[in-house]
Amino acid sequence: MAQLNDWPWRYWAAQRPQATAVMVGHQPVTWLELQRQVAGMAADFQQQGVVPGSGVVLCGKNSYPLLLGYLALLQCGARLLPLNPALPTSMLATLLPDLDIDFAFIPDGLPELSSEIIGLSPSAGAQYPLQELPWQPQRLATLTLTSGSSGLPKAAAHSYAAHLASAEGVLHLMDFQPQDRWLLSLPLFHVSGQGIVWRWLAVGAQLVVRDMQPLADALAGCTHASLVPTQLWRLLSEPMTEHALKEVLLGGAMIPVSLTQQAEAVGIRCWCGYGLTELASTVCAKRADELPGVGLTLPGREIRLVEQEVWIRSTSLALGYWQRGALLPIADDQGWFHTRDRGVMEQGELRIIGRLDNLFFNGGEGVQPEDVERVLAAHPQIRQVFIVPVDDPEFGQRPVAVIDYEDELTLEALLEWVDGKLANFQRPIALFALPDALKTGGIKISRRRLRQWVAAQV
């Protein structure tokens, strides 16, 4: 990896000006052209009032204008908040006032934000001089919302250096060269989507920005991709002609062994791991295998287990949570971030048992939803599964399964399949199909929203 001493797109424009930086659809954009376009957009934003430290929302589905906006706002020194366009207006009304947002760049025009937030737009033909801002890796760069799976999302604030440290760790395992192409397959409002961008910038390789449907077309010519298991299932279920895909980083859900075996059989190396928004994405990773662990820490990360809670110290750790003009501490006095994830060292690697916050009790027995999900995910018809507690006057709370599955699957058939695999207190008492409404809005499905939905069904 290069030792960057300038904005990465300017560094690569100086080193390899005519090399391809981005494939927009099937149209190549060189590093020199990219650098010019980013500088032009940054100058436009400065002209409209963006100064170093301005809070700016970047909102929309992945597109080339959104990517340019991301890079241009960073070059302005903005405090950049990539935002999920599917977030409900009521949540935005609660969140945004505490995050000190001055401007918004929304290429698609939706959603509408508070009238106090000024909308930015690239100028039509006008050219303004760019006020140069020096490259300072330790500066606050981005705010990324946590999944909010157990409450209101928090805004993790990362420096440029933290994003690059995250990229460096992953690239220590995955072979990603300047001639390779990584598909921008995950949204920029998610830390995993930003992880793709920073790995591209760290290596000076090629980023592919395309419509994601159909996935096989989007992946044409791509050597690398970050996918969730359902995307890889979908890809492998289609007739595969020749493909360039060499490596896939999987995340976001339980990863069935049969899925990675199928991918490896057609020459796609599969990597899996463990990451958090606060750590700018991946902390541990390994080549996917039949073991339930997540591998060992990547370079620049340390892990401690304290009463089964995973603590992490890393060069990729956020500076803090941004709230009302200040950074709230994220780590203890020794720099350890207490994740609230339960973990154990098992068979020479870290295994994540689940969230401490997810544990519930059924008749006095502790049910860790992720343990049950791991068993059910091996069922041949199940693509994705969640175990959710429902209140019960006699037992306290009992498990219900919410499942994304193929064909028809009844509770009776499922319970027959899990016979001998789960303890009685772990067996689900009801089965619901995962509604489409809960599949949108991010990579992780919110357990809080799942619980609310199940409670309404019951």
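For the structure, check the block above.
Everything numeric here is computed off the predicted structure, so don't read it as measured data.

(A) The arrangement of the packing of helix α2 (residues 31–47) against helix α3 (residues 64–75) in detail. At their nearest, the axes of α2 and α3 sit 8 Å apart, and the two run at 65° to each other. One way to sum up the angle between α2 and α3 is to call them roughly perpendicular. Crossing geometry of α2 relative to α3 is assigned as right-handed. Between α2 and α3, the residues in contact are L34, Q37, V38, M41, A42 and F45 and Y64, P65, L68, G69, L71, A72, L73 and Q75, respectively. The residue makeup of the contact of α2 with α3, split by class, is 11 nonpolar, three polar and no charged.

(B) Broad picture of the pairing of strand β24 (residues 382–392). A large share of β24 lies buried, amounting to eight of its 11 residues. Pairing of β24 with strand β25 (residues 396–405), which is carried by 10 bridges, proceeds in the antiparallel orientation. Looking at the pairing, D391 lines up with Q397 of β25.

(C) Representation of the sheet that holds strand β15 (residues 296–297). Here we have nine strands laid out as an open sheet, ordered β2-β1-β10-β9-β11-β12-β13-β14-β15, and mixed in their pairing. If you trace the sheet from one side to the other, it starts and ends with β2 (27–30) and β15, each paired once. Strands in contact with α2 are β1 (20–24) and β2; relative to β2, the strand with the most contacts, it is inclined by about 75°. Across the face of the sheet, helix α9 (residues 257–265) comes into contact with β12 (247–250), β13 (269–276) and β14 (281–287) while running at roughly 135° to β13.

(D) Spatial organisation of the side chain of D404. Turning to its location among the elements, D404 is positioned in strand β25. Those residues in contact with D404, other than ones at most four positions away along the chain, are T230, Q381, I382, R383, Q384, L434 and K439.

Parameters and conventions
For every chain, the first residue of the written sequence is number 1, and numbering continues from 1 onward in sequence order. With pLDDT at 70 or above as the cut-off, local features in this predicted model cover only qualifying residues; side-chain atom pairs require 80 or more to be listed or tallied, and sums for whole chains, interfaces and linings still use all residues. Computation of side-chain values covers all heavy atoms of the structure but excludes hydrogens and water. To obtain each axis, a line is fitted to C-alpha atoms, and for helices this fit is confined to the stretch in contact; angles are then taken between N-to-C directions over 0 to 180 degrees. Each helix is a run of H or I in the DSSP string that is no shorter than four residues. Each strand is a run of E no shorter than two, and both are numbered from the N terminus. Our angle categories are set so that under 35 degrees counts as roughly parallel, over 145 as roughly antiparallel, 65 to 115 as roughly perpendicular, and the remainder as oblique. The crossing is said to be left-handed when, going from far helix to near helix, the turn is anticlockwise and less than a right angle, and right-handed when the turn is clockwise. Contacts are assigned to residue pairs that have any heavy atoms within 4.5 Å of one another. For this scheme, ten residues count as nonpolar: Ala, Val, Leu, Ile, Met, Phe, Trp, Tyr, Cys and Pro. Four count as charged, namely Asp, Glu, Lys and Arg, and the remainder, Gly too, count as polar. Relative accessibility decides the category of a residue: with a 1.4 Å probe and only protein chains considered, values under 20% of the type maximum give buried, values over 50% give exposed, and everything between is partly exposed. Pairing between two strands is assigned when DSSP locates at least 2 bridges connecting them.

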